[in-house]
Amino acid sequence: MNAAGMAPARLTRWIIGVVVGGAFLVPLVGTFLYTLRDPAGGVTLAHWASLFDPAHAATLRPILLGLGNSLILALVTVAIVLVVVTPTIILVNLRFPALRRAFEFVALLPISIPAIVLVVGLAPIYLQIGRALGTGAWTLAFAYGITVLPFAYRAIQASLDAIDLRTLTEAARSLGAGWPDVVLRVLVPNLRQGLMAASLISVAVVLGEFTIASLLNKQVLQTGMVVVQKQDAFAPAIFTLLSLAFVFVLLLIIGSVNTGSPGARVRKNTTRKAS
Amino acid sequence: MTIAPLTAAGPTTGSAAAVSPEAAPRASSRGAVASALAWIGLLPFAAYILLFLALPTILALGSGLFDDAGNLTTENLAALAEPTILLVFGNTVWLSLATAVAGSVIGALVCWAMLGLADAHPMRRVVDAGASVLAQFGGVMLAFAFIATFGLQGVATLLLKDALGIDLYADGPWIYELPGLFAPYIYFQVPLMVITFMPALVALRPQWAEANLTLGGTRAGFWVHIGLPVLAPAFLASLLLLFANAFSSYATAAALASQGAPIIPLQIRAALTSETVLGRENLAGALALGMIVIVALAMWAYSAVQRRADRWRR
Amino acid sequence: MTAIDDAPRGLPRTADNALLAEAGTGTRVEFRGVVKDYGPTRVLHGIDLDIRPGEFVSLLGPSGCGKTTALRVLAGLEQASGGSVLLGGQDVSGVPTNRRDIGMVFQAYSLFPHLRVVDNAAFGLRRRGVGRTAATRRAGDALDLVGLGHLADRFPHQLSGGQQQRVALARALVTEPRVLLLDEPLSALDAKVRVQLRDEIRRIQLRLGTTTVFVTHDQEEALAVSDRIAVMNAGRIEQIGTPEDLYLRPETPGVAAFVGLSSVVPATVSGGIASVLGATVPVVGEVADGEAEAFIRPENVRLGGPIAAVVQESTFLGSMRRTLVRTEQGAQLWLQHPVAERLGFDERVTVGIAPVPVVVRPRG
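Residues numbered from 1 in each chain as written. Chains lettered and ligands numbered in written order. Predicted model: local features only at pLDDT ≥ 70, side-chain atom pairs only at ≥ 80, totals over all residues.

**Q** Explanation requested: the overall build of chain B in the structure shown.
**A** For chain B, the helix and strand inventory stands at 13 helices and zero strands. Its helices and strands taken in sequence order, chain B reads α-α-α-α-α-α-α-α-α-α-α-α-α from the N to the C terminus. Here chain B holds 314 residues, and the buried ones make up 45% of them. Contacts spanning at least 24 positions in sequence make up 74% of the contacts within chain B whose residues lie at least 6 apart. (Helix = DSSP H or I, 4+ residues; strand = E, 2+ residues; numbered from the N terminus. Buried ≥ 20, exposed ≤ 12 C-beta atoms within 10 Å, placed from the backbone. Contact = placed C-beta atoms within 7 Å.)

**Q** Any chance you could explain the overall build of chain A here in plain terms?
**A** Regarding its fold elements, chain A presents 12 helices and zero strands. Walking chain A from its N terminus toward its C terminus, one meets helices and strands in the order α-α-α-α-α-α-α-α-α-α-α-α. Each of the three principal axes of chain A carries a C-alpha extent, and together these read 70 × 65 × 30 Å. For chain A, the proportion of its 275 residues judged to be buried stands at 40%. Of the contacts formed within chain A by residues at least 6 apart in sequence, a portion of 81% connects residues at least 24 apart.

**Q** Looking at this structure, I do not really get the packing of helix H3 (residues 57–95) of chain A against helix H6 (residues 140–162) of chain A. What am I missing?
**A** The description of two packed helices rests on the angle between their axes and on the distance between the axes. All names here are of chain A. Direction vectors running N to C along H3 and H6 enclose 45 degrees, while the axes themselves pass 8 Å from each other. Looking at the two axes, H3 sits oblique to H6. Handedness of the crossing formed by H3 with H6: right-handed. Contact residues: Leu-73, Val-76, Thr-77, Ile-80, Val-81, Val-85, Thr-86, Ile-89 and Asn-93 in H3; Leu-140, Ala-141, Tyr-144, Gly-145, Val-148, Leu-149, Ala-152, Tyr-153, Ile-156, Gln-157 and Leu-160 in H6. (Axes fitted to C-alpha atoms, helices over the stretch in contact; angles between N-to-C directions. Parallel < 35°, antiparallel > 145°, perpendicular 65-115°, else oblique. Left-handed = near helix turned anticlockwise from the far one by under 90°.)

**Q** Just to check I follow, could you spell out the environment of Val351(C) for this structure?
**A** Residue and element names in this part refer to chain C. Counting through the fold element by element, Val-351 comes out in strand S18 (residues 348–353). Given 21 C-beta atoms within 10 Å, Val-351 falls into the buried group. A C-alpha to C-alpha distance of 4.6 Å links Val-351 and Gly-305, two positions 46 residues apart in sequence.

**Q** What should I look at first to understand the sheet that holds strand S14 (residues 290–296) of chain C in this one?
**A** In any sheet, the strands associate via hydrogen bonds between backbone groups, in a parallel or an antiparallel arrangement. Residue and element names in this part refer to chain C. Strand order in the open sheet made by the five strands is S13-S12-S11-S14-S19, with antiparallel pairing throughout. Edge positions in the open sheet fall to strand S13 (279–282) and strand S19 (359–362), since each of these has one partner strand only. Across the sheet, the mean angle separating the axes of adjacent strands is 40 degrees when strand polarity is ignored. The pairing of strand S11 (residues 263–270) with S14 spans seven bridges and is classified as antiparallel. For Ala-267, the partnering residue across the bridge sits in S14 and is Ala-292. (Pairing = 2+ DSSP bridges.)

**Q** Sorry, what's going on with the interface of chain A and chain B here?
**A** Contact with chain A, which involves 68 residues of that partner, is made by 72 residues of chain B. In the side of chain A that touches chain B, the residues fall into 46 nonpolar, 18 polar and four charged. (Nonpolar A, V, L, I, M, F, W, Y, C, P; charged D, E, K, R; others polar.)

**Q** Which parts of the structure should I look at to understand the sheet that holds strand S6 (residues 102–105) of chain C?
**A** All names here are of chain C. Spatially, the six strands line up as an open sheet ordered S6-S7-S8-S3-S9-S10, and their pairing is mixed. A single partner strand is all that each edge strand has here, and the edge strands are S6 and strand S10 (236–241). Between one strand and the next, the sheet's axes are offset by a mean angle of 15 degrees, whatever the strand orientation. Direction of pairing for strand S9 (residues 228–233) relative to S10: antiparallel, over a ladder of five bridges. The partner of Met-232 across the bridge, within S10, is Ile-237. Packed on one face of the sheet, helix H5 (residues 161–173) meets S6 and strand S7 (179–183) and runs near 175 degrees to S6.

**Q** Would you take a moment to explain the environment of Leu216(A) for this structure?
**A** Residues and elements named next belong to chain A. By secondary structure assignment, the location of Leu-216 is in the loop between helix H10 (211–215) and helix H11 (221–229). For Leu-216, a count of 21 C-beta atoms within 10 Å puts it in the buried group. For Leu-216 and Ala-123, which are 93 residues apart along the polypeptide, the C-alpha to C-alpha distance reads 6.4 Å. When sequence neighbours within four positions are dropped, the list of residues in contact with Leu-216 reads Val-119, Leu-122, Ala-123, Tyr-126 and Leu-140.

**Q** Where do I start with unusual backbone geometry in this structure?
**A** Residues apart from glycine generally show negative phi values, whereas peptide bonds are mostly found in trans. Here the phi dihedral of Asn217(A) falls at roughly 60 degrees; this positive angle occurs in a residue that is not glycine. Tracing the backbone shows Asn217(A) in the loop between H10 and H11. At Glu176(C), a position not held by glycine, the phi torsion is positive, near 50 degrees. With respect to the element layout, Glu176(C) can be found in the loop between H5 and S7. The exposure class of Glu176(C) is partly exposed, given the 18 C-beta atoms found within 10 Å.

**Q** Looking at this structure, I do not really get the domain arrangement of chain A. What am I missing?
**A** One frequent convention defines the size of an interface as the accessible area lost when the parts assemble. Residue and element names in this part refer to chain A. Along its sequence, chain A is carved into domain 1 (7–44) and domain 2 (54–258). A straight line from the C-alpha centre of domain 1 to that of domain 2 covers 31 Å. At the junction of the two partners, domain 1 supplies four residues and domain 2 supplies five residues. Across the side of domain 1 that touches domain 2, the residue classes break down as two nonpolar, two polar and no charged. (Domains from an automatic or database assignment.)

**Q** I tried to follow the pairing of strand S12 (residues 273–276) of chain C on my own but got confused; where do I start?
**A** Consecutive side chains along a regular strand alternate between the two faces of the sheet. Residues and elements named next belong to chain C. Burial along S12 is one-sided: the face carrying Ala-274 and Val-276 is buried and the face carrying Ile-273 and Ser-275 is not. Judged from the four bridges that link them, S11 and S12 form a sheet pairing that is antiparallel. Opposite Val-269, over in S12, you have Ala-274 as the bridge partner. Following S11, the chain reverses through two residues before pairing antiparallel with S12; Gly-271 in that reversal takes a positive phi of roughly 60 degrees. Where S12 and S13 come together, four bridges link them in antiparallel fashion. Paired with Val-276 across the two strands is Ala-279, which belongs to S13.

**Q** Could you clarify how one ought to interpret the confidence of the model for chain A in this entry?
**A** Note that predicted coordinates carrying low pLDDT should not be read in detail. Model confidence for chain A is summarised by a mean pLDDT of 85, while 91% of its residues fall at 70 or above. Counting interchain partners and residues more than four positions distant, the pLDDT-below-50 stretch residues 260–275 of chain A has 28 contacts. (pLDDT = per-residue confidence, 0-100.)

**Q** How should the environment of Asp50(C) be read in this particular structure?
**A** Along the chain, Asp50(C) falls in strand S2 (residues 41–51). When the C-alpha atoms of Asp50(C) and Leu86(C) are compared, they prove to be 9.4 Å apart, with 36 residues separating the residues in sequence.

**Q** What am I meant to see in the packing of H5(C) against helix H6 (residues 191–208) of chain C here?
**A** Residue and element names in this part refer to chain C. One way to put it is that H5 packs onto H6 with a least axis distance of 11 Å and a crossing angle of 15 degrees. Taken together, the axes of H5 and H6 lie roughly parallel to each other. As H5 packs across H6, the resulting crossing turns out to be right-handed. Note on element contacts: H6 touches H5 through Val-193, Leu-197, Ile-201 and Leu-208, opposite Gly-162, Gln-165, Arg-166, Leu-169 and Leu-173. Taken together, the residues that form the contact of H5 with H6 break down as six nonpolar, two polar and one charged.

**Q** Could you clarify how one ought to interpret helix H4 (residues 132–145) of chain C in this entry?
**A** All names here are of chain C. With 14 residues, H4 ought to run about 20 Å at 1.5 Å a step, and its terminal C-alpha atoms sit 20 Å apart, in line with that. For H4, the complete set of buried residues consists of Ala-135, Arg-138, Ala-139, Gly-140, Asp-141, Ala-142, Leu-143, Asp-144 and Leu-145. Positive phi shows up at Gly-147, right after H4, with a value of about 80 degrees. (Expected span 1.5 Å × (residues − 1).)

**Q** What exactly am I supposed to notice about the confidence of the model for chain B here?
**A** For chain B, mean pLDDT is 84; residues scoring 70 or higher make up 88% of the total. Below a pLDDT of 50 lies the segment residues 1–20 of chain B, which in the model reaches 15 contacts outside its immediate sequence neighbourhood of four places, other chains included.

Below you can see the structure in the form of structure tokens.
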């Protein structure tokens, strides 16, 4: 059944797949080949090996330092998403349904406010934060929470829409559960997909963020790569491939966890029944 | 929440009389406390948004209206009309529009190629994951990948030169200037399109295609008379989103164009970090204002078209 | 989505309704040994069906019996794995759907959302090259036929389910197809709308004389509107006959159980006579002697008779009552009786079975 002529022929699918897929693989394969380049000609694994070479560690320091900061930032950002954003979404859906549209507007606002614009206004604010909380890179998480807000919101709201929030809460309350129990024992387990998706997208965004970090003079993975690029062109390329692979595998995992659990994405298409 | 008496239909004051006098104040005070607590529950998020979204935005946009002495001035806004700045705005719009169109068309083709595959189909899963990753692919990493492949010493550049005698940069290192941004931008536009547009394509009902056939229509005719008209609003909405996305991008260009500022975001960087010209921070604010106007317009148009697209899908 | 009240039933407003004026005599439709496989699974086992011009035939059966598959093979939306389909004596097995000159109404969601009702209805004509004015006029006539002429300028999402299906019907008929195919068109509708619309479909079909194939799982629906019914089960046709044939003379247990209500009661067969709960009744067809199960219709069971039983439940159906009783041997019997005879739970009664031939199925 090929959707009665809407879907393309197998050959067409293949052609599109190969052409577009091929075009998208070129930069990635190119980067990989680049990391194997021997300046004297030919192929070498020296660049990959140099990652573990202690003598090389000094040059790589900005990247490793930045990576450490980025991982901490990812953690703190996910914490903000889970501890500040999620309860608020649940609260709005439960208690303030009239505010839902306004809330959605606010949550999606960061898409309309580019990071480069935001950072112009964040500079004075971070000056104050630096005085109060120190100049550690982790404070960037506050800004990052805003950057990931639209994606986190969409993932969690979609998950909420798929379960009957009101009925579940009322059932739990009528059985005597207090609010913390309701949220932690009833709602969160059912929102697992949305929360995982939100967390993993947040990690991906934080690892790839550059704009705000660089203009606020903090050291993260991406700024580290830019610095190291000037001395060793190969290390950034290697780290690019590594983070890409890491995030890809992460998202494949969410994808497979998503299918076949409560609140899985609802099919809008009518399925053909053989009868 | 107050317990509604059986005689009352709504929040009318007369209904209070039906409830016992002692129960009413207790019930309503409990309800009032619960409501107050609920409102307090919104405070953390509200404070967070205020401090890290509203305030920076106001500061950013507002700074364009002042000079360093703190006086209101229009000279920053006037600077926006300078020919060099206007040219950069034009270039940024052109870059965003071109990559949005290219991204939309290619992305739509990819979505179409996946039409009819079940959600759990391995190809579909790979493309979905791949699109998610590439859409979030940090601009810096993307730039490095392109430099490694197509840079002056890139793998593909050298391959073309040695094997086919084609020198990509015979006319200059354009990859580090405006033209060099097109390919990387399309690279993240296409995945974004796939993510945004796929739901619309999947919502095309097979019954329409079958009805079209039974009524004597052709497969090509299906797209002309039904498929494309129905998809047009969603396609336009996605295109606007892609435009806003490209216009807002900074990291890719920052990593590629190390000198010069061919697009507005880089102009903002130059204004913020300028060592040669003093008092340019407020110009950054004015540039930010200009940027926001364009992006906000695109996003407003996007939501308007999106609402129209949903009208049929209810 | 606002539902708009239905208009008066389908009557043409203008005296010269183009569609009615051109009503013809219909086309003959034949299934010859149609077989359909999905991979290793055989879904249709050689369907043979001869539909006369202008006839209204229903394909009736439970989910999964293959009735929709058979219809889709006729439409050309599925390819038969074997056998052939003929329209007007011509083999159309190799002809693509859009050249078979058919009209089809789907279960739901088939109206094009971006077109107004009248443009939906005119779609088939426009694809055949009919000019806009002529197509709009004829579409208007078709909409008048289904009673929706006044809603021509609305969009599908502004109509109720029943109205949408009427538009789908008008759209299918306006091109004057050789055969009209309906794939469970009423299943997604409310009960009352279902009854209204099925009568209307039948009335329009009779006036136009179009050969019609109607797929449904609702036996009451099939009995009400069809000239003949083909009862299908597991990819085969079990019986083809008029509604009366199927109801009064079911030839297989499958048909007896599916069409109308039956009580299944243990019986012993000997020489063409079944002994059921002490009563003796003739048997339909040739059945071997031995233990069997008999299918008894409620209207053939009456109050008062030799069989002692206890009332399990009794339902008031408006024009009659239907009661379930349990005999001493544990058999459950449905009976239909006048409203005046009111029976209560656990009441002891006696019942008797009319000497009407019954269908039996050997046990074990």
